[in-house]
Amino acid sequence: MNLAQRILKSLFPPPKQRLAWVDALPLAVFLFLYIGLCVYLELTHIVLFARPAAFGLMVFTVWIWWMHVAGYAGLGYARSLVALELRLILAGLFVVLLAEPRSVRTSDNLSVIYAVDVSDSISEGSTTKAFEFLAKTAQKKPQNDQVGLVIFGKNAAVEFKADKRVPLEDNTVPIFSLIDKEATNIAQGLALSAAMLPEDNQGRIVLISDGMQTEGDLSKIIGDLKSRGISVDVLPIQFSINDEVWLERLELPQFVKLGESYEAGIVLSSLSAGEGKLIIEENGEKIAEETVKFQSGKNRYTFPVQLRTAGYYEYSARIEVPRGKDSIDKNNRVVNSLFLEGEGKVLLVTDPAGDDRDWKPIAQALKETKHAVEVRNAYDFPRDSSSLLPYDCIAFVNAPADAFDQIQLNAMRDAVFNFGCGFLMVGGANSFGPGGYHRTVVEEALPVTMDISQKKVLPKGALVIILHTCEFAEGNTWAKRITKQAVKVLGAQDEVGVICFEGGQEKWVFELTPAAEYDKMAVKIQAAEPGDMPSFTGTMKKGLEGLKKSDAATKHMIIISDGDPAPPPPAMIQEYIDNKISVSTVAIYPHGGNEIGLMRRVSEATGGRYYFPADANELPSIFIKESKTLKRSMIQNKTITPDVVGEPGVLKGIEGLPPLSGYVITTAKGRPAETILQVPPDQTEEDGDIDPILAITRYGLGKTAAFTSDLSPNWGGEWISWDKYSVFVHQLFTEISRVQKTGKLRMWTYTSGNDGVVVVEDFSENDSFLEVEARITGPHDRSERLPLKQVAPRRYQATVPLWGKGRYHIVASAAGEERKDERAFGGIIIPYSPEYLRFRSNPLILRDIEKGTGGIELDADSTSDDIFNTNRQPKRSSKPIFEWFLVLLACLVPLDVAIRRVQLDWGMIKTWLGFGMKTAASTATMGALLERKQAVGNQIESRRGDTPLPTETLRKLAKPQAKGGGSTSRPGGGPNVPPPAQKPKAEDPSTTTERLLQLKRKRQQDSP
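These figures come from a predicted structure and were not determined experimentally.

1. Some thoughts on empty space enclosed by the protein
- Within this structure, the stated rule accounts for two cavities of 30 Å³ or more.
- What lines the second largest cavity is Asp358, Val397, Asn398, Val426, Gly427, Gly428, Asp710, Leu711, Ser712 and Asn714.
- By residue class, the composition of the lining of the second largest cavity is three nonpolar, five polar and two charged.

As C-alpha cells, this is what we get:
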C-alpha cells in the first residue's frame, strides 16, 4: 500500500458494516434543506451573502457523514443520528460565517440633499430664490421622505442633515454656516452631499448652481455618484454680465536702484467702453489719481515710480467707475511689491497698553551703537512677511500674544524661517508663558519652551470653561475653536475642564485634566455639541464642585453665553466668593439688556471680567487673555545674578554681570538651542532644572533668542545703569541679526493664468552652471520646494500652480559651497479669486453632471413631484449579521459536545422527578447486583482452572438476565438469589493456549 492509499484510508476508513442507500438519507435531507434555505434567503432578499463561493466548502460535510456511517461515532443509532445532524448544522454555520451574511433592508423612502451654490458669482437675489425653491418643494414632499441642505462656495458645510422635518422660517431657510465665497467648488459640494445621504434610503441630490466651477475635479465625483446610484437633478442659475471693468495686473520694474525713476504699468480690461478714476497708492498712501477712458478689451496705463530710500514698497491700483457700469467691485484692485535692499533696521514691537520704559532703554542703547531703530506697537505690526524684509532683527518687548492676530504671528515666523530675519523676545509680565505664547508659532521659533519641567514645582491653576450654544453663524464652531486656543495657553501642570448642556442635561465634556493632555482634550472638545441650557445653576454647580476638589492655587471660570439661561442663586455666587473662584463672562449676541446685566453682575461679584465683543473675531484674544490669569505663577520676583555657561560671543569683553530682580520661568530646548546665561544652581530648587536667562538657537534661515528677564527698570534696573549695558544690547542684537550680503542672484516673478512663474538670473562674474532651488510659501500655511531649470545662459525658471488668493513668498538659493549663502527674494500677490473673472453662467458643466448621473433638469416652476416622484425605485441596503450566527454557533458547540460525551441515567432522572422506583426497591436491586457480581466472580475463577467451561454455561453467562435475574425470589420480596455456582471440573493438563483454541472451536460448532 503506497503513501497516498494510506492517507486516503486514514481519512476514509472502511465501514464496519455494509452500507445501503438509506444510510445517505440524513446527509441528503440536510443538504437539501440547507441549500434550499440559503437560496430562499438570497432570492427573497432577506439575507445577502457577500462571498457565495464559500459555500463550496460544504463538500466537507460528506467526510463528516462518512465518519458517522463508518461506525466511528461509537453511539447508539438514535443518539448517533442526532449527533450527525448537529455536526452538519455546525459545519453549515461555519460556512455561512465565511460567506459573510448581511441582513437586507428594502426601503421605498427617498432622501434628497439640496446642494446650493452661495459663492460670490451668485447674486443675492438668486440665492434667495434658490432657498425659496427649496422651501416650496420640501414642504410638499411625501411624509416619510427626508430633506437635507448643503451650501458651498470654496468650501462646503452641512446646514442641516437629512430629516423628515425641514427647519423653515417664513417660508425660507435660515443660514448659519460660514462659507468662503471667493471660489466655487461644485465637486466638494457634491461630495459632501453624497456623504450625508443615509445608506438605507434611495438618495438624490438637487444641485442649484451657475456651473462656474473654479476649483476641484468634477470628473471623479461624477463617476463616484454614478457607481453609487445617486442621481443629481440640476436647477441652473442663469446670469450674464454685460458691463464689467477689472484690473488684470500691476507691472513693476524687475530691478531697481536707489534714486532712479522708473515706469510702472497697469493693465485694465473691460467688456464695454467707458471711463473711470484710476487711483495709485504706495504703502497705503495715495500718490496718483487720474480720470481715464478705456475701450472694450485690454487697456494699458503707465505711471512714474521713484524710490527715495531703501526698503519694501507695496503698490496698489484701483479703478472707480460710475454706478451701473460695473457689476463686480472685488476685481477692481491689483497689488504688487518690490524690495530695494539697504541698511538693515531693528524693529521693536511693544505692548499698546504698556509702559514706554519697557522699550526706551533698549532703543537708546541701539541708537548709541549705530543701529537704525523703528518702534511699533503690536496693533501696527505688519501682516505680511515681505513687509518685514527691511528689518534685520525683530524684538517683542513685553508685548502679549493677544495684542497680535494669527496672521501677524505667522508673518513674523515666516520672516525668520524664510528670509533669515533675527528675532528676540524680551521678558516681562506679558511675555513667554504669562503673555500667552504657549503652543504658538512664536514658541516654535524660540530656543525655550513654556512647558515647565515636572521637577519645577509651581503653584498650578485650574480653569473651567462653560459653553452655551452661540446663536450666530458657526457659533458652536467658534466656541470649540476658542476653547482649544485657551487650553493651549495653559501650562502642562495646569488643570482645565469643559462643561456644556448637551442631550437635555449638564455634563462634563471632560473633567479637570492636566493641560499636557491637550491632544486628547481637543478631540473631545471637537465632538461636543453644546445646547441651549435653561439655567446657569446646573453647569455652575458642576464647575464649582470640580474646582473645590482641585488643589490648584488659582481657580478661574469662563462662561460664554448669550445670557438666556436663568441666573444662579445668590448662595451659589457667595460660595464662589468664599472659595476664591473668579468668573469671567463673555456675552455673545445677547437678546437684550437684562442678559447683559446678569452676566456683568456675575463677573463683578466674583472678581472676574465681563466682555461684550461686537465681533466674533475678538473671541480668541479674549479667551487667551483669560487663560493667562493662571500663568502668573511663572513669574519669579527674586534677585539673581546670572551665571555664564555658553560661548562668549554675546558677552565678548563683558565681565561681572549685575543682578536681575526677576524673570519668567521657561525650559531650555535641546540642541541646537544653546543657553548663554542661567540662574545660579544654588538659587534653584533641589532636583529642579536650571532656568535659562538667555538662550539662542537657529530657526530656518534666521536666529532667535530669548532673554527671560527684562532690560527695563522693572527687573533690570541695575543693568540700565551698568556701563556695559549698551555693549551687551548691541552684541546681542548683532549676534542674531541677518547678515547683509551682496549676492549676484536676482529674482523676478509674474503670473500666467493660474500659474506663477519664477525667474532667477545670475549676475556673477563667473559664467558657471548652478543648481537653483526655490521655496514658495503661500495661503493656508502651505509650502512647496521648486527646482528651477536653466532656460538660457545665466537664467533659471520654474512654473508652479498657485492655490488661491493671497500672498506667495519665494526664496531662491544656489547649491554648492561657494555660493550656498546667496539668496534671492521675491513674491507673487494674487489680489482676487478667479471667481470674479467669470461673467456668465456655464450650463454645460451642469448638463454634464445631469447626464453623467442620470438626473433631470429642473426649472423655477418645477414641483415637489418632479423631485420626489420621478425615477423612484426601492433601495436595498444591507448590514453585517455575522454576530447573530456567531452567537448561534456558540450555543450549539456545547450541545454537540454534550450529545457525544454526556451519558444520562434516565432511570435516575425519573426517580428524581418522582416517577421511578421507591428507595426500598432500589436497595433490593443493588443487593441483586452485588449477588450477581459474586456469582460471575465465582464463574471466572472456575474458568481459570484446567477444565474448560461447557458451552451451555458460557451461553448463560453471555445472555443478559431479565429483571429479577431469573432466580427465585425470597419470601417477603427480598432480593433474587442467583443459582449456586457449578463445581469446577478436574484439572486439565493441557496448556492455556490449547484450552482457548478448543473453546473457540466449540463456539463455532454451536453457532447456527
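2. Some details on a negative patch on the surface
- Residues Glu857, Asp859, Asp861, Asp865 and Asp866 make up a contiguous surface patch of negative charge.
- Mapped onto the secondary structure, Asp859 falls in the loop between helix 19 (843-853) and helix 20 (864-868).
- Residue Asp859 is classed as partly exposed on the basis of its relative accessible area, which comes to 42%.

3. Points about the confidence of the model for the protein chain
- With 85% of its residues at a pLDDT of 70 or more, the protein chain shows a mean pLDDT of 84.
- Ranking the elements of the protein chain by mean pLDDT puts strand 41 (residues 968-969) last with 42 and strand 18 (residues 422-426) first with 97.
- Ignoring residues within four places in sequence, the model shows residues 956-977, a span with pLDDT below 50, making 22 contacts including any to other chains.
- Confidence over residues 981-989 falls short of pLDDT 50; this stretch has 13 contacts with residues more than four positions distant or in other chains.

4. Observations concerning the sheet that holds strand 18
- Taken together, eight strands build an open sheet; the order of strands is 16-15-17-18-32-31-30-27 and the sheet is mixed. Two strands close off the open sheet at either side, each with one partner strand: strand 16 (372-377) and strand 27 (643-644).
- Across four bridges, the pairing between strand 30 (residues 674-678) and strand 31 (residues 692-699) is antiparallel. Bridge pairing in strand 31 places Leu677 opposite Leu694.
- Contacts between helix 8 (residues 360-368) and the sheet are confined to strand 15 (345-350), strand 16, strand 17 (391-397) and strand 18, with strand 15 contributing the most and set at about 175 degrees to the helix.

5. Quick word on the nonpolar core
- If you look at the biggest cluster of nonpolar residues, it comprises 39 residues, and the most contacted ones within it are Ile362, Phe707, Trp719, Phe728 and Phe733.
- Elements that contribute at least two residues to this core include exactly strand 15, helix 8, strand 17, strand 18, strand 30, strand 31, strand 32 (702-707) and helix 18 (725-736).
- Considering every element that reaches this core, the biggest residue donor is helix 18, with six residues.
- Not counting residues within four places of it along the chain, the set of residues in contact with Phe707 comprises Leu424, Met425, Val426, Gly427, Phe432, Leu660, Leu677, Ile693, Leu694, Trp719 and Phe728.
- In terms of nonpolar packing, the next biggest core, distinct from the first, is built from 36 residues, Ala399, Ala415, Cys421 and Val441 among them.

6. Concerning the packing of aromatic side chains
- For the coordinates displayed, the defined rule picks out 19 aromatic pairs.
- Between Phe30 and Tyr34 the ring centres are 5.5 Å apart and the planes differ by 25 degrees, which places this aromatic pair in the stacked class. Of the two residues, Phe30 and Tyr34 both sit in helix 2 (residues 25-43), four residues apart, roughly one turn of that helix.
- Taking relative accessible area as the criterion, Phe30 reaches 9% and is therefore assigned buried.
- The interplanar angle of 90 degrees and the centroid separation of 4.9 Å between the aromatic rings of Phe396 and Phe423 together place this pair among those described as edge-to-face. Highlighted residues: Phe396 in strand 17 and Phe423 in strand 18, separated in sequence by 27 residues. No difference in accessibility class separates Phe396 from Phe423, as the two residues are buried.
- Three or more aromatic residues link up through ring pairs in this structure, and these residues are Phe30, Tyr34, Phe49 and Phe55.
- The side chain of Arg782 reaches across the aromatic face of Trp803, ending 4.2 Å from its centre.

7. Description of the pattern of salt bridges
- Scanning the model with the defined rule gives 31 salt bridges in all.
- Measuring nitrogen to oxygen at the nearest pair gives 3.7 Å for the salt bridge that ties Arg51 to Glu100. Taken together, the residues Arg51 in the loop between strand 1 (47-49) and helix 3 (61-69) and Glu100 in the loop between helix 4 (77-98) and strand 2 (101-107) connect sequence positions 49 residues apart.
- Ionic pairing is found between Glu765 and Lys744, a salt bridge with its closest N-O pair at 3.6 Å. With Glu765 in the loop between strand 34 (755-762) and strand 35 (772-778) and Lys744 in the loop between helix 18 and strand 33 (745-752), this residue pair connects regions lying 21 residues apart in the sequence.
- Ionic contacts of the salt-bridge type, sharing partners, join the residues Glu248, Arg249, Glu251, Lys298 and Arg300 into one network.

8. As for the side chain of Asp414
- By the secondary structure assignment, Asp414 is in helix 9 (residues 406-419).
- In this view, Asp414 contacts Ser385 and Phe419; residues no more than four positions away in its chain are not counted.

9. Some words on the pairing of strand 10 (residues 274-282)
- Pairing of strand 10 with strand 11 (residues 285-294), which is carried by nine bridges, proceeds in the antiparallel orientation. Directly across from Ile279, in strand 11, lies its bridge partner Glu289.
- A loop of two residues connects strand 10 with strand 11, the two strands running antiparallel in sequence, and Asn283 in this loop sits at a positive phi of about 50 degrees.
- Relative to strand 13 (residues 311-320), strand 10 runs antiparallel, the two being bridged by six bridges. Residue pairing for strand 13: Glu282 is matched across the bridge by Tyr315.

10. With respect to the side chain of Lys154
- Residue position: Lys154 is located in the loop between strand 4 (146-152) and strand 5 (156-163).
- Setting aside residues up to four positions removed in sequence, Lys154 forms contacts with Asp180, Ala183, Asn185, Gln188, Glu215, His780 and Trp803.

11. Quick look at the pairing of strand 16
- When strand 15 meets strand 16, the two strands line up parallel, connected through six bridges. When the sheet's bridge partners are listed, Lys345 is paired in strand 16 with Ala372.
- Handedness of the crossover joining strand 15 and strand 16 through helix 8: right-handed.

12. A few points about the environment of Pro198
- For Pro198, the location among the structural elements is in the loop between helix 6 (186-195) and strand 6 (202-209).
- With a relative accessible area of 29%, Pro198 lands in the partly exposed category.
- On a C-alpha basis, the gap between Pro198 and Lys161 in space is 9.7 Å, while along the polypeptide they are 37 residues apart.
- Here Pro198 is in contact with Ser111, Gln146 and Ala162, once residues within four sequence places are set aside.

13. Some details on helix 3
- Taken together, the buried positions of helix 3 are Thr61, Ile64, Trp65, His68 and Val69. Along the axis of helix 3, the buried positions cluster into a sector of 125 degrees, meaning they face one direction only.
- Lining the buried residues of helix 3 we find helix 2 and helix 4.

14. Things to note about the packing of helix 6 against helix 7 (residues 218-227)
- One way to put it is that helix 6 packs onto helix 7 with a least axis distance of 9 Å and a crossing angle of 25 degrees. Here helix 6 is positioned roughly parallel relative to helix 7, judged by the angle of their axes. In the crossing of helix 6 with helix 7, the sense of the turn from one axis to the other is left-handed. Every residue of helix 7 that contacts helix 6 at Ile186, Ala187, Leu190, Ala191 and Ala194 is listed here: Leu218, Ile221 and Leu225.

Criteria and thresholds
Residues numbered from 1 in each chain as written. Predicted model: local features only at pLDDT ≥ 70, side-chain atom pairs only at ≥ 80, totals over all residues. Heavy atoms only, no water. 1 Å grid on protein atoms, 1.4 Å probe; cavity = no way out; pocket = protein on both sides within 12 Å on 5 of 7 lines; lining within 4 Å. Points joined across faces, edges and corners; volume = space filled by probe spheres on them. Nonpolar A, V, L, I, M, F, W, Y, C, P; charged D, E, K, R; others polar. Patch = residues over 30% accessible without salt bridge, like charges linked within 9 Å, V, L, I, M, F, W, Y side chains within 5 Å. Areas by Shrake-Rupley, 256 points an atom, 1.4 Å probe, with all protein chains shown as cover. Salt bridge = Lys/Arg side-chain N within 4 Å of Asp/Glu carboxyl O. Lys, Arg positive; Asp, Glu negative; His and termini not counted. Charge placed at Lys NZ, Arg CZ, Asp CG, Glu CD. Helix = DSSP H or I, 4+ residues; strand = E, 2+ residues; numbered from the N terminus. Buried < 20%, exposed > 50% of the residue type's maximum accessible area, 1.4 Å probe, protein only. pLDDT = per-residue confidence, 0-100. Contact = heavy atoms within 4.5 Å. Pairing = 2+ DSSP bridges. Axes fitted to C-alpha atoms, helices over the stretch in contact; angles between N-to-C directions. Core = buried A, V, L, I, M, F, W, Y, C linked by side-chain atoms within 4.5 Å. Phe/Tyr/Trp six-rings, centres within 6.5 Å; stacked < 30°, edge-to-face > 60°. Lys NZ or Arg CZ within 6 Å of the ring centre and 35° of its normal. Right-handed = clockwise from strand over helix to strand, strands pointing away. Arc of directions from axis to C-beta. Parallel < 35°, antiparallel > 145°, perpendicular 65-115°, else oblique. Left-handed = near helix turned anticlockwise from the far one by under 90°.

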